[in-house]
Amino acid sequence: MAVPSLRRDKPGVAASLKAEFSRSDGRGSQLLSELLDNVLNPKRPVAEAEGLEWCKCLMAGGERFEDFCQTVRAYDHATLCGLVWTANFVAYRCRTCGISPCMSLCAECFNAGEHTGHDFNMFRSQAGGACDCGDSSVMRDSGFCKRHRSTSGSSIPSVPSDLMMMSEHILPRVIFRLVQHLRDGYSESVSDPATERDIQRTLQQMEPLVSLLEDLTKMGGAMRSILTRVLGNHQIYKDLSSGDFCTGEKTYAKKNYDKYLTALKGSGLVSSEERSASSVLDHMAGASNVTILGATAGAGQRESSDEEEQDGSQGIGKRKRVKFCNGTKDPSIVDILKHKCFLEEILFWTVKYEFPQKMVTFLLNMLPDQDYKIAFTKTFVQHYAFIMKTLIKSHESDTMSNRIVHISVQLFSNEELARQVTEECQLLEIMVTVLLYMMENCLVKSELQDEENNFHVVVNCGEPLLKNNTYWPLVSDFINILSHQSVAKRFLEDQGLLQMWMNFVSLFQGMNLNKRELNEHVEFESQTYYAAFAAELEACAQPMWALLTHCKIKDMEEYTRTVVRYCLDALQDWFDAINFIDEPSPNQVTFHLPLHRYYAMFLSKAVRCQQLDLDSLLPDQEMLMKLMVHPLQIQACLSEIHSNMWVRNGLQIKGQAMTYVQSHFCNSMIDPDIFLLQVCASRLDPDYFVSSVFERFKVVDLLTMASQHQDGAPDPEHEKSMLEGALTFLVLLLSLRIHLGMTDDEILRAEMVAQLCMSDRTHSTLLDLIPENPNPKSGIIPGSYYFENMLSAVADFKAPVFEPGGSMQQGMYTPKADVWNIEFDPIMVILRTVYRRDVQSAMDRYMGFLKQTGKFDGNPWPPYRERALLNPSYKGLMRILHCKTLHIVLFTLLYKISMDHQNMSEHILCMVLNLIELGLDNLPEESVEEEEMLGEEHCSDSWFNGTNIATNLHHIINHVRVRVPETAPEMIREPLASTSSDTTCVQSSNTAQVFSLVAERRRKFQEIINRNGSSTIHTPDVRAKTSKWTAPNSTPQLTTTILEVRESMLSLLIKLHHKLSGKQNSYYPCWLEDSESTSRLDPMQQIHGDGTTAVERILIKTAAQSRQNKFSIEEICRKVTPPIPPKKNVSDKKALDKEERRQKARERQQKLLAEFASRQKSFMETAMDIESPDSDVAMDIGSSEKQDSETVYDCVICGQSGPSTEERPTGLVVLLQASSVLGHRRRSTEPKKLPTSDEEKIYPEDTCGTAHDVRITDLQRYFKDSSCLQSVSIGWEGGVYVQTCGHTLHIDCHKSYMESLRNDQVLQSFSVDKGEFTCPLCRQFANSVLPCYPEKNEEKCLWLPCNNKTLHVLIKEVEEQQEQLGMFPSVTNLSKEMESVMKDIRSTTQKKYIDYGKIPGSPDNDFLFMYSVARLNLELELVHRGGNLCLGGAGATTKRSCLNQLLHVLAIHMRLFRIDSAYNPWARLTRLTQVVDSGICDDEKPDVPLLYRDVPSLLMILALTMPQELHKEHFTCIVKVLYNLLYAQAIATFSFRFNEEEREVWKNSAKLQIMDNSEKSSEVLLSHIISELSKGNLYCASNTDQKSMITTTIWSPQSLEYSIQQFCLPFFRTAGLLQHHLFSDDLPCCQQTEEEFGMLARYLRLLPTSLNSNDEVKSFFCLDWPLPALDIVSQWCLEVTTSTESHSKQVMNLLVQDPQWSLPRLLRLPENYNTIFQYYHRKACVHCSKVPKDPALCLVCGTFVCLKGQCCKQQSYCECVLHSQNCGAGTGIFLLINASVIIVIRGHRFCVWGSVYLDAHGEEDRDLRRGKPLYLCNERYKVLEQQWVTHTFDHINKRWGPHYNGL
Ligand SMILES: [Zn+2]
Ligand SMILES: [Zn+2]
Ligand SMILES: [Zn+2]
Ligand SMILES: [Zn+2]
Ligand SMILES: [Zn+2]
Ligand SMILES: [Zn+2]
Ligand SMILES: [Zn+2]
Ligand SMILES: [Zn+2]
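These notes cover the structure that comes with them. Per chain, the residues get numbers from 1 upward, laid out in the order the sequence is written. Chains carry letters from A onward and ligands carry numbers from 1 onward, assigned in written order. Note on the predicted model: pLDDT of at least 70 is required for a residue's local features to be given, and 80 or more for side-chain atom pairs to be given and counted; whole-chain, interface and lining totals, by contrast, use all residues. Hydrogens and water are ignored here; the side-chain numbers use all heavy atoms of the structure.

Let us now look at the coordination of the zinc ion (ligand 8). Each protein donor to the zinc ion (ligand 8) is listed here as Cys1728 (SG), Cys1746 (SG), Cys1751 (SG) and Cys1752 (SG); together their distances run 2.2 to 2.4 Å. Geometry at the zinc ion (ligand 8) is tetrahedral, judged from its four donor atoms and the angles of 96 to 122° they form at the metal. Only nitrogen, oxygen and sulfur atoms qualify as donors, provided they sit within 2.8 Å of the metal or within 3.2 Å for Na, K and Ca; with water excluded from the atoms, sites may seem incomplete. Donor residues for the zinc ion (ligand 8) sit on one chain with the sequence pattern C-x17-C-x4-C-C. A separation of 3.1 Å is found between the zinc ion (ligand 8) and the zinc ion (ligand 7), which are bridged by Cys1746. Square planar and octahedral sites, with four and six donors, are those where opposite donors lie more than 155 degrees apart and all other angles lie between 65 and 115, tetrahedral sites have four donors with every angle between 85 and 135 degrees, and the rest are irregular.

Next up on the list: the coordination of the zinc ion (ligand 1). Coordination of the zinc ion (ligand 1) by the protein is provided by Cys81 (SG), Cys106 (SG), Cys109 (SG) and Cys131 (SG), with metal-donor distances spanning 2.2 to 2.3 Å. Around the zinc ion (ligand 1), the four donor atoms sit at angles spanning 99 to 125°, and that spread fits a shape best called tetrahedral. Spacing between the donor residues of the zinc ion (ligand 1) along their common chain follows C-x24-C-x2-C-x21-C. In this structure, the zinc ion (ligand 1) is positioned 4.2 Å from the zinc ion (ligand 2), and both are ligated by Cys109. One end of the pair, Cys109, is in helix H5 (residues 107-112); the other, Cys131, is in the loop between strand E5 (129-130) and helix H6 (161-185), with 22 residues separating them in the sequence. Helix numbering and strand numbering both begin at the N terminus, where a helix is a DSSP run of H or I of at least 4 residues and a strand a DSSP run of E of at least 2.

Let's shift gears to unusual backbone geometry. One non-glycine residue, Ser1729, adopts positive backbone phi at about 45°. Here Ser1729 shows up in the loop between helix H73 (1713-1720) and strand E24 (1735-1738). Residues other than glycine seldom take positive phi values, yet Asn1845 does so here, at roughly 60°. With respect to the helices and strands, the residue Asn1845 is situated in the segment after strand E31 (1841-1842).

With that settled, the discussion passes to the environment of Ala49. Position of Ala49 relative to the elements: it lies in helix H3 (residues 49-60). Here the term buried applies to any residue with accessible area under 20% of the maximum for its type, exposed to any over 50%, and partly exposed to those in between, with areas from a 1.4 Å probe on protein chains only. Note on Ala49: relative accessible area 58%, which makes it exposed.

With respect to the helices and strands, the residue Gln180 is situated in helix H6. When near neighbours in sequence (up to four residues on either side) are disregarded, Gln180 contacts Pro42, Tyr252 and Asn256. The contact rule is simple, with two residues in contact once any of their heavy atoms fall within 4.5 Å.

The description of an aromatic ring pair rests on the distance of the ring centres and on the angle between the ring planes. Note on ring pairs: Phe, Tyr and Trp rings are taken, using the six-membered ring of Trp, and paired if centres are within 6.5 Å. Classes follow the plane angle, with under 30 degrees stacked, over 60 edge-to-face and the rest tilted. This structure, assessed with the given rule, holds 50 aromatic pairs. A centroid spacing of 5.7 Å and a plane angle of 45° characterise the contact between Tyr257 and Tyr260, whose relative ring orientation is tilted. Pair noted here: Tyr257 and Tyr260 are both in helix H10 (residues 250-266), with a separation of three residues, about one helical turn. In terms of burial, Tyr257 and Tyr260 fall into one category: buried. Cluster of aromatic residues (ring-pair linked, three or more members): Tyr257, Tyr260, Phe348, Trp349, Tyr353 and Phe386. Geometry around Tyr835 places Arg837 over its ring, the cationic atom sitting 4.5 Å from the centre. Should the NZ of a Lys or the CZ of an Arg lie within 6 Å of a ring centre and within 35 degrees of the ring normal, that charge is described as sitting over the ring. Sitting above the plane of the Phe1744 ring, Lys1723 keeps its charged end 5.9 Å from the centroid.

Let's shift gears to the nonpolar core. With 320 residues, the main nonpolar core has Phe491, Phe508, Tyr599 and Leu915 as its most contacted residues. Among the elements that make up this core, the one with the highest residue count is helix H25 (residues 528-548) (14 residues). What Leu915 contacts, discounting residues up to four positions off in sequence, is Leu727, Leu730, Val731, Leu734, Leu881, Leu886 and Leu890. Core analysis: the next-biggest nonpolar cluster, separate from the first, contains 132 residues, Cys1430, Ala1530, Leu1644 and Val1680 among them. Residues belong to one nonpolar core when they are buried, are Ala, Val, Leu, Ile, Met, Phe, Trp, Tyr or Cys, and are joined through side-chain atoms within 4.5 Å.

This paragraph deals with the sheet that holds strand E20 (residues 1279-1290). Any two strands with at least two DSSP-identified bridges between them are counted as paired. Judged by pairing direction, the sheet is antiparallel, and its three strands sit side by side in the order E20-E19-E23 without closing on themselves. Edge positions in the sheet fall to E20 and strand E23 (1328-1331), since each of these pairs with one other strand and no more. Each neighbouring strand pair of the sheet contributes to a mean axis angle of 40°, computed without reference to strand direction. Relative to E23, strand E19 (residues 1210-1219) runs antiparallel, the two being bridged by four bridges. When the sheet's bridge partners are listed, Leu1212 is paired in E23 with Leu1330. Here helix H56 (residues 1291-1303) sits on the sheet and contacts E19, E20 and E23; the angle it forms with E20, its principal contact strand, is near 100°. Fitted lines through C-alpha atoms serve as axes, helices being fitted only where they are in contact, and the angles separating the N-to-C directions of these axes extend from 0 to 180 degrees.

Turning our attention to helix H69 (residues 1597-1623). A helix is expected to span 1.5 Å for every residue after the first. The terminal C-alpha atoms of H69, which comprises 27 residues, lie 36 Å apart, in line with the 39 Å expected from a rise of 1.5 Å per residue. Note on bend: at a given residue it equals the angle between the axes fitted to the 7 residues ending there and to the 7 starting there. The principal kink in H69, of about 35°, is found at Cys1608, preceding the proline Pro1610 by one to four residues. Among the 27 residues of H69, 22 are classified as buried, and the element is accordingly described as predominantly covered.

A few words on the pairing of strand E4 (residues 120-124). Where burial is concerned, most of E4 is hidden: four out of the five residues are buried. Note that strand E2 (residues 90-94) and E4 share five bridges and pair antiparallel. If you follow Val90 over to E4, its bridge partner there is Arg124.

This paragraph deals with the packing of helix H57 (residues 1351-1363) against helix H64 (residues 1512-1535). Relative to each other, H57 and H64 sit at 105°, their axes nearing to 9 Å. Accordingly, the angle class assigned to the pair H57 and H64 is roughly perpendicular. Contacts from Leu1351, Leu1354, Ile1355, Glu1357, Val1358 and Gln1361 of H57 reach H64 at Glu1513, His1514, Cys1517, Ile1518, Lys1520 and Val1521. Residue polarity follows a fixed list, in which Ala, Val, Leu, Ile, Met, Phe, Trp, Tyr, Cys and Pro are nonpolar, Asp, Glu, Lys and Arg are charged, and the others, Gly among them, are polar. A class-by-class count of the residues in the contact of H57 with H64 yields seven nonpolar, two polar and three charged. Roughly parallel here means an angle under 35 degrees, roughly antiparallel means over 145, roughly perpendicular means 65 to 115, and every remaining angle is called oblique.

In terms of burial, E20 is a largely internal element, 12 of the 12 residues being buried. Summarising the sheet, E19 and E20 pair through nine bridges and their orientation is antiparallel. Bridge pairing in E20 links Thr1210 to His1290.

Turning our eyes to something else, we now look at the pattern of salt bridges. Salt bridges are counted wherever a side-chain nitrogen of Lys or Arg sits within 4 Å of a carboxyl oxygen of Asp or Glu. Under the defined criterion, the tally for this structure stands at 69 salt bridges. As a salt-bridge pair, Arg832 and Asp671 come within 2.7 Å of each other at their nearest N and O atoms. Linking Arg832 in helix H39 (residues 826-832) with Asp671 in helix H32 (residues 670-683), this pair joins segments that are 161 residues apart in sequence. Owing to a relative accessible area of 4%, Arg832 belongs among the buried residues under this scheme.

Keep in mind these values describe shape, not function.
In structure tokens:
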């Protein structure tokens, strides 16, 4: 067989080749190879169509490729879905079914699986992903869909060998061609835009080839295993790729291979042969250092740092020499690559090309093949370091990060695979090394502590690597693999890894250092702190949490010990590196102490879960002292920041303080810090600890007994705030049990209660605010079921409501009453508040609860709570309550508060009492009595005898030595102090205190206390010493004096009680009144109360402790000591008075403002409240209510009142808007359903708008245009609706108001140029002013009940008045305004809604438009009243209606149009005229027959063309005459509904009555009309069409009467409303809808006076014929029958009218949002046939549009805006499919209305972020519909913005 020519037919060649192969003489393969040399020649363009065609054909072996695919697919035995998707794909995640948190499902698998009731959500994929359905290592089998549930492929036969034979031979060549192309196309230096383009072209060229490969992967398991074999085979790769491929193209092959080697080298990679050579060199150099990425791993940190110091040349940013364990790490993991198969080289190129999407998808599509997955994972790990290095250099790191994670998540989520590569490929080593490598590129010298001698280095948060979070793919992979127990174990076992990891963590220790600015405000607020917090959380804390989850059980305790040891080592190194001794540098803080936090968290886990002995894990005391310093510094700085001491550092420092405690960080930051401090406090000397706290908080100066202290201390405001901070911190430290014994349940409960107490929360906010544990990124909240249970235990659900003001509330959770009563914990609130105001908010809510439940009516103090039991390991913590230092502080503060010293707040007292009470509740084990005895003996200390608070409480302090300025008030009393001799305290001289461990530090603190503050004096000593001396070093005005005190803490407490209660001697021990009360009084019952309650509680507790205390209290109370008056000197007092006065003035002002605001508010609320009819008085002002006197209007601008006059007219503030609401009415009362499948559709044919359009078109075809334009109403789709807020103003005032708005610089939300403004009084949106017609009292028409004029006379009068030429009143200001408002009305809607006539701009159009506006406004009012008038005057709309004024304006303009008497319908209605049928010329079309005309339109025409004021008798006359016509129309209409027999029966049945001439009965008229119309053969044409309709109804006289009434009712209603507005007649009302007809007939005066009011009203009672009825009816029928020839088909439609429409409704929406989303989010637009990026849906008509899409833009209008104009005349309501939110477009503005779909917790989910199921909220949807129907979008919704036609 010859070499096949390329031109030969491919299938034939393929078939014969296949046959050759089966002969196995090797000829086949040679032939194929020759063919392929040609087809896949690298000189031909890659992926040439011809070449690909050949490949396909050859693989199929002569068959059609499609058939071949089909066959191969039959052998697919894969049980995995494996569908790969890219960004923005909608996928699902089920937490109930997932094992790995990364699990995800495609929509198809999700919907086919069983997940009802599961905790699932929908999400939009960010990085892309793959479906895990069928993978039991990632998810539970129960969640698999039916398709992927079948466990084995046993039923699938094995693949026949010859099927895949050809593919096996062809694919290596195909893949090699791809590799060749990749090699050829690559060039270095990516930054060059030209090469960048080249690379893009290379990628584009190969796309068809990759697509082919991707298609192959989709052929299922059989093909994938072939591909796997080809990709992984070493021999094939070696044969083809190594450059000595013998094709005769040697030079090309060589060049091609060299390109590959260059690329390898250019990437800093070498093949292993080269590496082994160089590593020999390394050895020869004798360097013990192992080269890792250019950093030298020194033998030890200390050593290398010494070297650096000697070096002297190193500067900031010089690389730190990282300490590694020698020799354990193989350098090859980072920079050696040797490719052994195609897969490896392809991955290499994929990385090189920065992960082209196509390649990624191909590689991932192969994953369902298990062998491939393993091979690929190994290859990926092998390239891991290279990948990350490329990432760092990448110019589009975001995209690349996503693509990397897209791949790695699929590989590392599988525990088995992760374990395997950890063991075989050193994955952990690689990761940690690469992490270190990454960070090494951006290190700076730490400036913490000792800037000079600091040799610690930290990451520089300003570097792009950190700022852009480039490291996240790596960290996220690391966390992912650590989540597997086996991998984590491997990590914890490997000491080298741990060591490296600690080195890594220490790079973050102390980063982003803040230095307090003392002088200048910082010029540039650095925002690096985001990067710092993100880095600590993601790179340090999350791996920590991942590890901690595995340290829960006892078995793992050795690991915990190891980690703790490494933490301590690392910390020790850090202290050394920063040269830390014992004191932190002042005014410095870093929030980043990851090493401390690692240590703390592992410690906590060890004690809590593994019951390890705490002491065995703690370092020595010196180390403990060091450990507490930095966390404490943060706490003090928090307080400083909140005390505004860091203002000069800018806002960003507040941001840091807030982030530190924020819910996503607190678990990993503040909580471990507080815990570590608690551990330190429990082991360190309490005096040392307490004094350190006060020193760190910089309040030592304040803790003196003197009333004034040294100047130079911080600002008094700061000082007070800092003291509050210090005390609060102590209380917090002692009260918090998060790591000291609370169970997980208790913690969750406490967190929840704290958040709910601050504010009511929505479910999702709460979920967000509760710190997640243990792994914040996992997305899995262990037992979220549990969260719900806890939530329902502590909170009540408040359903979502709509407030009339316009804001929509979502479903909220609010604390249960019992929670406030028992669980409210201010400490927890303080710990968790990000904003300080939240604490106050919680207290306010607490106060509200107490008031409401009658528990307490004052200003409550924070309640004292029983705490969870303290884990015994930490009971040492309570010792700080029993130390002298604290007691001295407490005593001092109590004293100062009782003496009214400045800077003492209620909050301080509160905390002092809290500490005392905590002390009493946590007494040391030795009994008080014992200590009492001991205490008396060794009163060694100058202040207190012992350390027990119960004893020290009653200890009396007599004298204190203080240092004060000479001017201090104490100086005056000083002689007193010196003279009084003290006898009670006769202790021996003080002995040295034993605080051996920290003696030096303690002495220092003592010094400080002595220097600045106070110390008790032993009287003899004091007298012996000089009582007045000046310290040599201090400022001269300071002097030491002795202060007489003579108080104990108890006596101070009792004095405070008097002070707090405001009464002298208010405290009397209760046990003295009633001996049993001590036992009876349960202190816990006194939780809720103010300060006095707290003091009482403490005193009772004290008394219960010892007899001595009880006795002391009684003693104190017996002495009637008047409280010492506050010692203030005169100037102080003056200052205070001044301050007081100022305060009072401020209060007064506040009160005024508040009053004003509340008045304004109540006004606003009522003004908005469209529902309540009698809401406000203000609205009456401009109403059309008529009184005998002239109406007086108030101008809301100038405030003057007066009548509206011709010269100075007044006008109503109105909003004109185009409306299509009536046009969207339909026949059926049920609203249309929104289609959610291709089968469903909405047809617009049955809307009112379309029906009228068809009708006018039909009429215009056959009748005279001017006549047509009087026979209908228009404006259903774009008429103008006029509404008012009811406020009036002078029109000239309005003009100047507009002028001022135009000049206003303030940005308005409306556009003044378009005439828009807001009502100056009620701020309602408006755009025009409707002039008020001056009333002429003399002409006021009054109804005369017994009018003598006959119908004939009245008809004559009406005719005469019609004949009068309309004249526009003389030109006055008023008439000008009337013209101008008419212009406004016309310009409100689009031209196409005005011009219906054939001649554009003809006055007929205008005429039609004007009466249609009247009609529209009347009918809209009817709609607002619910579609009928049964309720009569009880409608809100009456009061604010401007219809009367509007009708006036319209009438004045309509009068200007003269209706030719010949065409005047009045004549034809009331007279018998000669029908001149022959008189119609050919070119002149006939007039519209009366029976075709729309009667309500005629009413408008006739009523509005009468001269104003219209007389009521004339109005009634018009209605009467029109009713006759309407009645005839009704009869004609129904006659068409009969079938032929029925018609015959009806026709004959009334024959007899006709004889009687009883013209009024309906039967007679029916019979007459049938016979008249029969003349024109009308019924024949109709019968055939109408058959289906007739059969169902059987007509009886009753049903006929009912139908006639229904037919006439719409006219009655319109006429009734018109009468109501024209004459201000009160509307009647009725109980039942059946009575409406009669009621309105009476109201319109249609019934004969003879009729009794109780009689049943029949429709024909209202008939009043001016002429013989049958004659005129005959005439009307004749008009029809003479013209039918021309339009026989349309007769039916024109003659048969149906004036009844249902109320306008929006489309009915499905219950579940998913129904909408699934159908519409991938639906293509009918205009551009693309799937829109932002699809939207019109809720009025169901049209699907491209929001914001350029695709459907027409003349700069985007599709949404365009549709709002066509469908809603400028108003559009759109549901944004991807956001579940509704937007409303109104003209040139739009607003986000909100969502009508809420989740199970009553919350919106804008943009579907949470992806939880959403359900329709019917209440909200009703509100939306209501706003649409009442045209109140503008008034109720806030936040409008221009859309610039871009929606
Ligand atoms: Zn799937
Ligand atoms: Zn599936
Ligand atoms: Zn599930
Ligand atoms: Zn005015
Ligand atoms: Zn107003
Ligand atoms: Zn629409
Ligand atoms: Zn579109
Ligand atoms: Zn489009």
